[in-house]
Every structure is written in C-alpha cells, then in structure tokens.
Amino acid sequence: MGEKNAFESIYDIICQIPRGRVASYGQIAALAGNRRWARVVGYALHAAPYERDIPWHRVVKKNGEVIGGAESAGGKLQKELLKGEGVGFVDGHVDMGHYQWNKIMF
C-alpha cells in the first residue's frame, strides 16, 4: 500500500473513533493493515490536511499518554479536548481500560 493510500486508510479509521473513546497508535496501525505502522500513524496525523476534520485528539499512546506528555502545549490541548468528550484520566493518562475504543475487526 502506498503512502497516500496508507494515510487515507489511517484517516478513515481515526474518523470512526466515537466521541468519548480513544485508540492507540498501534491499534490504528493494526486496523489499517500493519500492526508495525504505529509511527506511520503519527506521520499521517502530522501530515493531516486541515480541511479534513480528523479527530486527532482521540489517538493516544498505548499507555494512555497524550502527545508530547500532559504538560506540553499539544498534550494540554489534547487532554482538554478529550475531557470535553467525557474521557477520564488516571495519573495524567487516559484510563484505557474504560475509554479505549473496541473496534471489532472482521
């Protein structure tokens, strides 16, 4: 799969994450077809076109950590957006046991 197709696939999956849920980079990578693409998911989010309304804030590290850490500007924004959707945090990390999106793969 070429980069553009991979990115589009990643964007499509991220857009399916419901409000109030999160997914990890690795989870998105697996759903996109290659569980080793966690970094590619990060690259895709970094390159996401502004005109696409991609809910980037719903993608977190596998341990529930937000981008750049909870005290970075991006992390603070991400945390604020997630809290606005009702996502809960424990010790600065998303409570993955409760808020992780459980997409069923066929």
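Here, every reference points to the structure presented above.
Being a predicted model, the structure only gives us computed values, none of them experimental.

Rules of the game
Residues numbered from 1 in each chain as written. Predicted model: local features only at pLDDT ≥ 70, side-chain atom pairs only at ≥ 80, totals over all residues. Heavy atoms only, no water. Helix = DSSP H or I, 4+ residues; strand = E, 2+ residues; numbered from the N terminus. Rg over C-alpha atoms; globule rule 2.2 N^0.38 Å. Buried < 20%, exposed > 50% of the residue type's maximum accessible area, 1.4 Å probe, protein only. Contact = heavy atoms within 4.5 Å. Areas by Shrake-Rupley, 256 points an atom, 1.4 Å probe, with all protein chains shown as cover. Lys, Arg positive; Asp, Glu negative; His and termini not counted. Charge placed at Lys NZ, Arg CZ, Asp CG, Glu CD. 1 Å grid on protein atoms, 1.4 Å probe; cavity = no way out; pocket = protein on both sides within 12 Å on 5 of 7 lines; lining within 4 Å. Points joined across faces, edges and corners; volume = space filled by probe spheres on them. Nonpolar A, V, L, I, M, F, W, Y, C, P; charged D, E, K, R; others polar. Salt bridge = Lys/Arg side-chain N within 4 Å of Asp/Glu carboxyl O. Phe/Tyr/Trp six-rings, centres within 6.5 Å; stacked < 30°, edge-to-face > 60°. Lys NZ or Arg CZ within 6 Å of the ring centre and 35° of its normal.

### Structural notes on the overall build of the chain
Alright, step 1. Within the chain, the secondary structure is distributed over five helices and four strands.
Alright, step 2. The N-to-C order of helical and strand elements in the chain reads α-β-α-α-β-α-β-β-α.
Alright, step 3. Rg of the C-alpha trace for the chain: 13 Å, near the compact-globule value of 13 Å for 106 residues, within the 12% margin.
Alright, step 4. By its C-alpha atoms, the chain is 40 × 30 × 20 Å across when sized along the principal axes.
Alright, step 5. In the chain, which comprises 106 residues, the share counted as buried stands at 40%.
Alright, step 6. In the chain, once contacts between residues fewer than 6 apart in sequence are set aside, the share between residues at least 24 apart is 62%.
Alright, step 7. A total of about 6,500 Å² of accessible surface is found on the chain, and carbon and sulfur atoms cover 51% of it.
Alright, step 8. When the 14 basic and 11 acidic side-chain charges of the chain are each reduced to a single mean position, those positions are 6 Å apart.

### Points about helix H2 (residues 25-32)
Alright, step 1. Inspection of H2 places Tyr25, Gln27, Ile28, Ala29 and Ala32 among the buried residues, and these make up the whole buried set.
Alright, step 2. One or two residues past the end of H2 sits Gly33, with phi positive at roughly 115°.

### Here's the deal with the layout of surface pockets
Alright, step 1. In this structure, the largest pocket spans a volume of roughly 280 Å³.
Alright, step 2. What lines the largest pocket is Tyr25, Leu45, His46, Ala48, Pro49, Tyr50, Arg52, Ile54, Trp56 and Ile67.
Alright, step 3. Taken together, the residues that form the lining of the largest pocket break down as eight nonpolar, one polar and one charged.

### Some thoughts on the pattern of salt bridges
Alright, step 1. Overall, the coordinates contain five salt bridges when judged by the stated rule.
Alright, step 2. Between Glu85 and Arg19 there is a salt bridge whose closest N-O contact spans 3.8 Å. Here Glu85 is found in the loop between helix H4 (73-84) and strand S3 (89-90), whereas its partner Arg19 is found in the loop between helix H1 (3-14) and strand S1 (23-24), with 66 residues between them in sequence.
Alright, step 3. Accessibility expressed as a relative area gives 14% for Glu85, which makes it buried.
Alright, step 4. The closest approach of N and O atoms between Glu85 and Arg58, which form a salt bridge, is 2.8 Å. Highlighted residues: Glu85 in the loop between H4 and S3 and Arg58 in the loop between helix H3 (38-47) and strand S2 (59-60), separated in sequence by 27 residues.
Alright, step 5. Taken together, the shared-partner salt bridges connect Glu8, Asp12 and Arg52 into one network.

### Regarding the packing of aromatic side chains
Alright, step 1. Tallied over the entire structure, the rule returns one aromatic pair.
Alright, step 2. Over the aromatic face of Phe89 sits the side chain of Lys79, whose NZ or CZ is 5.2 Å from the ring centroid.

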